[in-house]
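Listed here are the chains, written in short residue letters.
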Amino acid sequence: MSNVLNEFLTTNLTELKENGLYNEINVVQGANGAKITIDGKELINLSSNNYLGLATNERLKTVAKQAIDSHGVGAGAVRTINGTLDLHIELEEALAKFKGTEAAIAYQSGFNCNMAAISAVMNKNDAILSDELNHASIIDGCRLSKAKIIRVNHSDMADLRAKAKAAVESGLYNKVMYITDGVFSMDGDVAKLPEIVEIAQEFDLITYVDDAHGSGVMGKGAGTVKHFGLQDKIDFQIGTLSKAIGVVGGYVAGTKDLIDWLKVASRPFLFSTSLAPGDTKAITEALSILTESTELHDKLWENGDYLKQGLKELGFDIGHSETPITPCIIGDEKTTQQFSKRLMEEGVYAKSIVFPTVPKGTGRVRNMPTAAHTTDMLDEALAAYAKVGRELNIIK
Ligand SMILES: *Cc1c(COP(=O)(O)O)cnc(C)c1O
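This is a predicted model, so every value here is computed, not measured.

Attention now moves to the UniProt feature "domain: Aminotransferase class I/classII large" (unreviewed entry) in the protein. In the UniProt entry, the feature "domain: Aminotransferase class I/classII large" (unreviewed entry) is given for residues 42-383. Strand forms 16% of residues 42-383 and helix 44%; the C-alpha atoms that close the span are 16 Å apart.

Structural data, given as structure tokens:
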């Protein structure tokens, strides 16, 4: 092993461990459902992104197995050689219909989408206005494009307008884009899309909404853009197929020209093997389930409201979420981590999220209720919250 590498690894790992910042990864024994098993202990799971419980859905499992029988386990090539299977086309047509756009393109992950789509359109002669709380993959995607990145205060429309005006009037850039999450995963707040569209029209901004946490959740399932009826006004609707949709993958939905361009210019589409057949078929089935009925979506919101109400009645600060994402704000970083650890001992798995992921002093335990939770499970979780909350003097 290289001495330089060895020294680099030892120094950095030791430093992380000494500062208590080394993340020990929990291993889930079995499926990631409403309950999970870690170290042989069964826990109520409030930390997955499996909003609709589709990760273990029987219909999805059945069609995935059938697709493996008919198409194999791998796609065999990148999309542009001969890795475009009939299953991918079927999925992309279903995605476009679901999102209310002319066309859609599927990628191997949501992260990959942001690597693919931003740099296919933006370059060093352009500027990107980016909400300061945007997801890491958006930040990386922006960097990859080499465009000038201009941070915009979180959901601050006056700041967006001022920075859009300055960027456009500077004459320095050929194109200016605004990128935002549709739903912000730390606080559960929703992007102000109607105002964003207004500002975008005023300054001819390209609009890009990453709806990873909105798809399946907002707009009766179809996402945040559809929630506001703005399918014709947002240029890029992108998202993941791994959260509410329950499988893996990502997509961009937009005009036919945009999708045609991404098929020739986005590097992960050109140089990385396409989605596996079983996954592809399972995603298409998930979209069918969401189109047929809003039952899972409705159950998710019902559970979210129930958990929020329960935590509020106990006296916790649950922030200002507009979605089922339910932060429980504890404040101090150490107490937050201890809170999460004690919850786990009491049978509830809810991760602590602290600085630098969220601002200092706003450490929180973040709860992700899903459609798969029963009222009994939520009551059990609330009882654990009550016990630990009193023990740590967070509530009376
Ligand atoms: C989770 C997430 C992604 C990444 O999606 P994956 O499919 O898990 O790679 C991208 N953007 C946002 C906003 C996310 O929350």
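Anyway, onward from the coordinates.
What follows deals with helix α3 (residues 86-99). For α3, which comprises 14 residues, the first-to-last C-alpha distance of 20 Å matches the rise-based estimate of 20 Å (1.5 Å per residue) to within 8%. The complete set of buried residues in α3 reads L87, H88, L91, E92, L95, A96, F98 and K99. With its buried residues spanning 170° around the axis, α3 presents them on a single face. More than 90 degrees from the buried face of α3, the exposed residues found are D86, E93 and K97. Looking at the residues trailing α3, positive phi occurs at G100, about 75°.

Below, the discussion takes up unusual backbone geometry. Most peptide bonds are trans, and most residues other than glycine sit at a negative phi. Here F355 and P356 are connected by a cis peptide whose omega angle stands at 10°. Positive phi, normally seen in glycine, also occurs at D204, with a value near 55°. Inspection of the secondary structure puts D204 in the loop between α7 (193-203) and β7 (206-210). By relative accessible area, which is 66% here, D204 ends up exposed. A positive phi angle, close to 60°, is found at N393, a residue other than glycine. For N393, the position within the fold is in the segment after α14 (375-391). Look at N393 and you get exposed, because its relative accessible area is 68%.

Neighbouring residues of the ligand: 14 residues in total, closest G110, F111, D210, T240 and K243. One of the backbone N or O atoms of F111 is found 2.9 Å from an oxygen atom in the ligand. Taking H213, its side chain carries an N or O atom lying 3.2 Å from an oxygen atom of the ligand. Within the complex, 85% of the 390 Å² of free accessible area of the ligand lies under protein. Examining the composition of the shell around the ligand, we find that 3 residues originate from one element, helix α4 (residues 110-121), more than from any other. Of the residues contributing to the shell around the ligand, the split by class is 2 nonpolar, 9 polar and 3 charged.

Reading across from one edge, β3-β9-β8-β7-β6-β4-β5 is the order of the 7 strands in this open sheet, with mixed pairing throughout. Edge positions in the open sheet fall to β3 (103-107) and β5 (148-152), since each of these has one partner strand only. On average, each strand axis in the sheet is inclined to that of its neighbour by 20°, with strand direction left out of account. Each of β3, β4 (127-131), β6 (176-181), β7, β8 (236-240) and β9 (250-254) touches α4; the most contacted strand, β8, lies at about 155° to it. Across the face of the sheet, helix α6 (residues 157-169) comes into contact with β4, β5 and β6 while running at roughly 155° to β5.

With that settled, the discussion passes to the nonpolar core. Soluble globular proteins tend to bury their nonpolar side chains together. Within the largest apolar cluster, 33 residues are counted, with the highest numbers of intra-cluster contacts made by Y51, L52, L60, L91, L95, I245 and I283. Mapped by element, the contributors of at least two residues to this core are α2 (58-71), α3, β3, β9 and α11 (277-292). Split by domain, the residues of this core number at least three in each of domain 1 (22-51 + 294-391) and domain 2 (58-292). Among all residues touching L91, those that are not within four sequence positions of it are A106, L275, T280, I283, T284 and L287. Counting 25 residues, the second largest nonpolar core, distinct from the first, contains C113, A120, V121 and I259.

Another aspect to go through is empty space enclosed by the protein. Using the criterion set out here, one finds 1 cavity of 30 Å³ or more in the structure. Here the largest cavity is characterised by a volume of approximately 60 Å³. Looking at the largest cavity, the residues that line it are R79, H88, A106, Y107, Q108, P268, F269, S272, S274 and L275. Those elements that place two or more of their residues in the lining of the largest cavity are β3 and α10 (267-271). Broken down by class, the residue content of the lining of the largest cavity amounts to 5 nonpolar, 4 polar and 1 charged.

Rules and cut-offs
- Residue positions are given per chain, counting from 1 as you read along its sequence in written order.
- In keeping with the predicted nature of the model, local features appear solely for residues at pLDDT of at least 70, side-chain atom pairs appear and are counted solely at 80 or more, and the whole-chain, interface and lining totals rest on all residues.
- With hydrogens and water excluded, all non-hydrogen atoms of the structure serve as input to the side-chain values.
- UniProt positions are given in the numbering used here, feature names are shortened, and annotations may be inferred rather than shown by experiment.
- Elements are defined by DSSP. Helices are runs of H or I of four residues or more, strands are runs of E of two residues or more, and each kind is numbered from the N terminus.
- Take the residue count of a helix, subtract one, and multiply by 1.5 Å to get its expected span.
- Under the scheme applied here, a residue whose accessible area is under 20% of the maximum for its type counts as buried, over 50% as exposed, and between as partly exposed, the area being computed with a 1.4 Å probe on protein chains only.
- Arc definition: it is the arc formed by the directions from the helix axis to the C-beta atoms.
- For each residue, the test is whether any non-hydrogen atom lies within 4 Å of the molecule or strand; if one does, the residue is near.
- Distance and chemistry together define a polar contact, namely a pair of N or O atoms within 3.5 Å, with one atom able to donate a hydrogen and the other to accept it when in protein, and with adjacent residues in sequence counting only for side-chain atoms on both sides.
- Accessibility throughout is a Shrake-Rupley quantity obtained with a 1.4 Å probe, and a residue counts as covered only by protein chains that appear here.
- Residues are grouped as follows: Ala, Val, Leu, Ile, Met, Phe, Trp, Tyr, Cys and Pro are nonpolar; Asp, Glu, Lys and Arg are charged; every other residue, Gly included, is polar.
- Note on pairing: two strands pair once DSSP finds at least 2 bridges between them.
- Only C-alpha atoms enter the line fits that serve as axes; for helices the fit covers just the stretch in contact. Angles between N-to-C directions range over 0 to 180 degrees.
- What makes two residues a contact is simply this: any of their non-hydrogen atoms within 4.5 Å.
- Each nonpolar core is a collection of buried residues, namely Ala, Val, Leu, Ile, Met, Phe, Trp, Tyr and Cys, held together in the definition by side-chain atoms within 4.5 Å.
- Domain delimitation follows an automatic or database domain assignment.
- Using only the protein atoms, space was sampled on a 1 Å grid; points where a 1.4 Å probe fits but cannot get out form cavities, open sets with protein on both sides within 12 Å along at least five of seven lines form pockets, and lining residues are those with an atom within 4 Å of a point.
- Grid points are joined across faces, edges and corners, and a volume is the space filled by probe spheres set on the points.

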